[in-house]
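Residues per chain, in single letters:
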Amino acid sequence: MRNVFNFKVWLGVCSLNKFEYTLADVFTTVPFGGNQLAVFENADGLSEELMQKIANELNLSETVFVTSASSPNKTKRVRIFTPKLELPMAGHPTIGTAHVLAAKEIIPTKEGRNDLIFEEGIGDIPVTVFKENHRVIKSEMEQPLPEFGEKLMDLEVAAQLLSLSIEDIDSTLPIQTVSSGVPFLFIPIRSLQAIGKIKFRMDIWEKHFANIPGRQHIFTFTHETIEANSHIHSRMFAPAMGITEDPATGGASGPLGAYLIEYGAFPSEEEGVFYIRGEQGFEMGRPSYIEITLQEENGKLHSVKVGGTSVIIGSGELYL
């Protein structure tokens, strides 16, 4: 009797559409570090409503749905969802998706440099995958040039939001919104000790930030780092996305680099080129490392790239 029941259950499952996904940790070289990501490699046929429900079900920072591109000269269409909403662009989902598609040979790649085009909500995103000895060693995306928004002049409310004192805020730099598609409010912190003490206050966020465009997603950073070869240590909080804290935020990293250059907070290592290594996620037990490369021409920002490594950690199936 039990075997008959199991057979009926199996028949019911087989009659549903099966959608496979891959789990990856992004901006890390080891499992259980970096930022988690689920990539549905063939999501053609899934509705936007169902994509959002799946992202909420998996409850990761982001879930990606890969569909066919609109034209042959583009690689794939990539749709990115947090548990609460769809994003027009994001860093770790783009980097991780490129790694998964190349590593699983879903898209053709060769040794060395491979240039791709992902269609995202904000438009076409150039992506580069680097392979060595048949392995993906790095993925990199070019982000839209960051746009600078409003400055928050009230240091007291910023300190309250983070459960810090005003003295913990680095007043030599502005609190300001910067965006490459998704706006983040950048709050500079004086020390590693202070950034480690942050306790995000939802009551302050709901009162002063939640309903103001450009202030909803909070990115904090300090020049003090845990690892000697890092340049910036950061933490990001995005309740509006359904993300309590994010272990690695690639979509904020390009804007962060532009912010640092704009205010002379990071020197050029060679003429017109800036290399910044960000570290994030340490407070969550998920160390992440993000490479930011910016180029200037005639004193004007010309390109912003964000890259890093990923690790495939598992796979699964949904029956819908």
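What comes next is a walk through the structure. (Residues numbered from 1 in each chain as written. Predicted model: local features only at pLDDT ≥ 70, side-chain atom pairs only at ≥ 80, totals over all residues. Heavy atoms only, no water.)

### Observations concerning the overall build of the protein chain
Rules: Secondary structure elements are taken from DSSP: a helix is a run of H or I of four residues or more, a strand is a run of E of two residues or more, and numbering for both begins at the N terminus. Using a 1.4 Å probe on the protein chains alone, a residue whose accessible area is under 20% of its type maximum counts as buried, one over 50% counts as exposed, and one in between counts as partly exposed. We call two residues in contact whenever any of their non-hydrogen atoms come within 4.5 Å of each other. In short, Shrake-Rupley with a 1.4 Å probe defines the accessible areas, and a residue's cover is counted only from the protein chains shown. Positive charge is attributed to Lys and Arg, negative charge to Asp and Glu, and no charge count is given to His or to the chain ends. In this description, the location of a charge corresponds to atom NZ of lysine, CZ of arginine, CG of aspartate or CD of glutamate.
For the protein chain, the count of helices and strands is seven helices and 18 strands. For the protein chain, the spread of C-alpha atoms along the three principal axes comes to 70 × 45 × 35 Å. When each of the 320 residues of the protein chain is scored for burial, the buried share is 51%. Counted over contacts in the protein chain with a minimum sequence separation of 6, partners at least 24 positions apart contribute 63%. Of the roughly 14700 Å² of accessible surface on the protein chain, a fraction of 50% belongs to carbon and sulfur atoms. Looking at charge distribution, the protein chain has the averaged site of its 27 positive side-chain charges lying 6 Å from that of its 41 negative ones.

### With respect to the side chain of Thr-22
The condition that has to hold: Counting of polar contacts relies on pairs of N or O atoms within 3.5 Å, with two restrictions inside protein: one atom must be capable of donating a hydrogen and the other of accepting it, and residues adjacent in sequence are counted only when both atoms are side-chain atoms.
Inspection of the secondary structure puts Thr-22 in strand S1 (residues 18-26). Thr-22 gets classed as buried once you look at its relative accessible area, which sits at 1%. A distance of 2.3 Å separates polar atoms of two side chains, one belonging to Thr-22 and the other to Glu-41. Of the polar contacts made by the side chain of Thr-22, one reaches the side chain of Lys-104; its length is 2.8 Å. Non-local contacts of Thr-22, meaning those with residues more than four positions away in its chain, are made with Leu-37, Ala-38, Val-39, Glu-41, Val-100, Lys-104, Ile-312, Gly-314 and Ser-315.

### A closer look at empty space enclosed by the protein
Using the following cut-off: Definitions used for this entry: grid spacing 1 Å over protein atoms alone; cavity, a set of points where a 1.4 Å probe fits but cannot get out; pocket, an open set with protein on both sides within 12 Å along at least 5 of 7 lines; lining residue, one with an atom within 4 Å of a point. Grid points are joined across faces, edges and corners, and a volume is the space filled by probe spheres set on the points. Residue polarity is assigned by list, with Asp, Glu, Lys and Arg as charged and Ala, Val, Leu, Ile, Met, Phe, Trp, Tyr, Cys and Pro as nonpolar; anything else, Gly included, falls into the polar class.
Within this structure, the stated rule accounts for two cavities of 30 Å³ or more. Space inside the largest cavity adds up to approximately 90 Å³. Lining of the largest cavity is provided by 15 residues; of these, Glu-62, Ala-90, Phe-184, Thr-249 and Gly-251 occupy positions nearest its centre. Of all elements in the fold, only helix H3 (91-103) and helix H7 (250-262) reach the threshold of two or more residues within the lining of the largest cavity. Here the element with the most residues in the lining of the largest cavity is H3; it accounts for three residues. Residues belonging to the lining of the largest cavity are distributed by class as follows: eight nonpolar, five polar and two charged.

### A few points about the pattern of salt bridges
Put simply, the rule is: Any carboxyl oxygen of Asp or Glu that lies within 4 Å of a side-chain nitrogen of Lys or Arg is treated as forming a salt bridge with it.
By the definition in use, this model includes 18 salt bridges. Residue Asp-168 is joined to Lys-197 by a salt bridge in which the shortest nitrogen-to-oxygen separation is 3.9 Å. Separated by 29 residues along the polypeptide, Asp-168 in the loop between helix H4 (155-162) and strand S10 (175-179) and Lys-197 in the loop between helix H5 (192-196) and helix H6 (202-208) bring together distant segments of the chain. In the salt-bridge network here, residues are joined through shared partners; they are Lys-18, Glu-20 and Glu-317.

### Let's talk about the layout of surface pockets
One simple way to see leftover space: roll a probe sized like a water molecule over the atoms. Of the voids in this model, the largest pocket is the one considered here, and its volume is about 180 Å³. Surrounding the largest pocket, 13 residues form its lining, His-99, Arg-135, Val-136, Ile-137 and Ser-310 being those nearest its centre. Looking at the lining of the largest pocket, the elements with two or more residues in it are H3, strand S8 (135-143) and strand S18 (310-319). Among the residues making up the lining of the largest pocket, the classes are represented as five nonpolar, six polar and two charged. Approximately 150 Å³ is the volume found for the second largest pocket. Together, 13 residues line the second largest pocket, and Gln-36, Asn-59, Leu-60, Ser-61 and Glu-245 are the ones closest to its centre. Put simply, the parts of the chain that give the lining of the second largest pocket at least two residues each are strand S2 (35-40) and strand S14 (243-246). Here the lining of the second largest pocket is composed, by residue class, of five nonpolar, six polar and two charged.

### A word on the environment of Tyr-263
By the element assignment, Tyr-263 lies in the loop between H7 and strand S15 (273-280). For Tyr-263, a relative accessible area of 28% gives the class partly exposed. The sequence separation of Tyr-263 and Pro-174 amounts to 89 residues, and the corresponding C-alpha distance is 8.7 Å. Other than its neighbours up to four places away in sequence, Tyr-263 contacts Phe-148, Lys-151, Leu-173, Pro-174 and Gln-176.

### Brief notes about the packing of aromatic side chains
Selection rule: Aromatic rings from Phe, Tyr and Trp, with only the six-membered ring used for Trp, were paired whenever their centres fell within 6.5 Å, and each pair was classed as stacked if the ring planes differed by under 30 degrees, edge-to-face if by over 60, and tilted otherwise.
A full pass over the atoms with the stated rule returns 10 aromatic pairs. Measuring from ring centre to ring centre gives 6.4 Å for Phe-148 and Tyr-263, while their planes differ by 75°; the resulting arrangement is edge-to-face. Note that Phe-148 is positioned in strand S9 (residues 147-152) and Tyr-263 in the loop between H7 and S15, a separation of 115 residues in sequence. Classification of Phe-148 as partly exposed rests on a relative accessible area of 33%. Plain terms: the ring middles of Phe-186 and Tyr-259 are 5.8 Å apart, the flat faces sit at 25° to each other, and that makes the pair stacked. Of this pair, Phe-186 sits in strand S11 (residues 183-188) while Tyr-259 is found in helix H7, placing the two residues 73 residues apart along the sequence. Both residues of the pair, Phe-186 and Tyr-259, belong to the buried class. Through successive ring pairs, a cluster of aromatic residues spans Phe-148, Phe-186, Phe-219, Phe-221, Tyr-259 and Tyr-263.

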